[in-house]
Amino acid sequence: MKAIFSGRAGRLIGAALLVGALIGEGGRGTASAAAPSSSYAYAFQFNGSGRRGGQLTFPLDVAVAPGGNVYVVDILKSRVEEFTATGAFVRAFGRPGHGAGQFSLPSGVAVAPTGNVYVVDNGNRRVEEFTAAGSFLRAFGHAGSGDGQFVYPGNVAVAPNGHVYVTDYDAEGPLGRRGRLEEFMATGAVVPFSLQVGLGNPQGVAVGPDGTIYVVDADAREVRVFRPTGALVRFIGVSGATHLLTVPAGVAVSRGGDVYVVDNQTSQVDVFNTRGALISSFGSSGSANGQFFSPRGVAVAYKGAVYVADSFNHRVQVFMPRGR
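Please read these numbers as outputs of a predicted model, since none were measured by experiment.

1. Points about the pairing of strand β3 (residues 70-74)
Regular strands show a simple pattern: their side chains alternate between the two faces of the sheet. With five of five residues buried, β3 lies mostly within the body of the structure. Of the two faces of β3, the one holding V70, V72 and D74 and the one holding Y71 and V73 are both buried throughout. In the sheet, strand β2 (residues 59-64) pairs with β3 via five bridges, with the strands oriented antiparallel. Looking at β3, one finds that A63 is bridged to Y71. Linkage of β2 to β3, two consecutive antiparallel strands, is achieved through a turn of five residues, within which G68 is found at a positive phi near 105°. Here five bridges tie β3 to strand β4 (residues 79-83), and the two strands are oriented antiparallel to one another. In the strand pairing of β4, D74 is matched with R79. Where β3 hands over to β4, the hairpin turn is made up of four residues, of which S78 adopts a positive phi near 50°.

Rendered as structure tokens:
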């Protein structure tokens, strides 16, 4: 998994390996019988499969900007596509490669309060920062296991104060499988944070309005909640000895503090309240409207719209709270 893949065939192979490593044995599954009724309804979707601007081949992650526009990472096209909140194509930026503004297996995207866009460039072991219009600003990180370095970076989130959090995973380290969360200043300077305790396979990461950090641990089948200091607050997705999540992947936090977790195995999004109680679920396995095939990333807009990267169905689906 440490090889850099080039060419379209190489990107196809690399993407398949990356997705397998990121989300484990996910795919089509069966929704939990214990899931509460959904309070969300399918609204619309972004354009389906294709390689032209505005079409998606393999969307892996999604983020919503302060102004409402939506950014989608397409791992196979090695680029980021920008849409309006209603799905109209705006622009695309990035292309395959190893230079500034280029990507090798991009896997995560986040938008800062300033509107700048951060993209995890997995194959190049770095994070790249762009303006809202897609102009390259800087890159930080490189291959390694030290502070500010990456073994297998997966996802990214930006805190209200502008700090950037990146999940990193090492499946072949001397101590076996382990993960960590690295913190950077907005400029890319590393902060000695590197949260490692108890993280097996960190996937999605999100930061709440109050700076609370949410990290998906796929191995533990839960979301771990931390204060900015790194102190553990609680676990989400566990009720007593029962795991409510099967193969959790992406995570997002609403303005009101509700937590949205994509379960790749059950093909649904589970919604938890601020206390960690499961309050709603939506989605099922399939390719019809409102169904998912290997969903990965999730983002929540200011007014409550939920955007889900439905990876193997080559689309982003949008859901709205019922009654709106």
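There is more to say, and it comes next.
2. Things to note about the sheet that holds strand β7 (residues 117-121)
The strand order across the open sheet built from four strands is β6-β7-β8-β9, with neighbouring strands paired in antiparallel fashion. Looking at the sheet topology across the chains shown, the edges are occupied by β6 (106-111) and β9 (136-140). This sheet shows a mean twist of 20° between the axes of neighbouring strands, independent of strand direction. Sheet topology note: the β6/β7 ladder contains five bridges and is antiparallel. Across the sheet, A110 pairs through a bridge with Y118, a residue of β7.

3. Some thoughts on the pairing of strand β16 (residues 222-226)
With five of five residues buried, β16 lies mostly within the body of the structure. Of the two faces of β16, the one carrying E222, R224 and F226 and the one carrying V223 and V225 are both buried. Both strand β15 (residues 213-217) and β16 contribute to a ladder of five bridges, which runs antiparallel. Within β16, the position partnered with I213 by the bridge is F226. The turn joining β15 and β16, which pair antiparallel and follow one another in sequence, is formed by four residues; a positive phi near 60° is taken by R221. Bridge count between β16 and strand β17 (residues 232-236): four bridges; the pairing is antiparallel. Within β17, the residue paired with V225 across the bridge is R234. Hairpin remark: β16 followed by β17, antiparallel, with five residues in the connecting loop; positive phi at G230, about 100°.

Reading the values: rules and limits
- Residues numbered from 1 in each chain as written.
- Predicted model: local features only at pLDDT ≥ 70, side-chain atom pairs only at ≥ 80, totals over all residues.
- Heavy atoms only, no water.
- Buried < 20%, exposed > 50% of the residue type's maximum accessible area, 1.4 Å probe, protein only.
- Helix = DSSP H or I, 4+ residues; strand = E, 2+ residues; numbered from the N terminus.
- Pairing = 2+ DSSP bridges.
- Axes fitted to C-alpha atoms, helices over the stretch in contact; angles between N-to-C directions.

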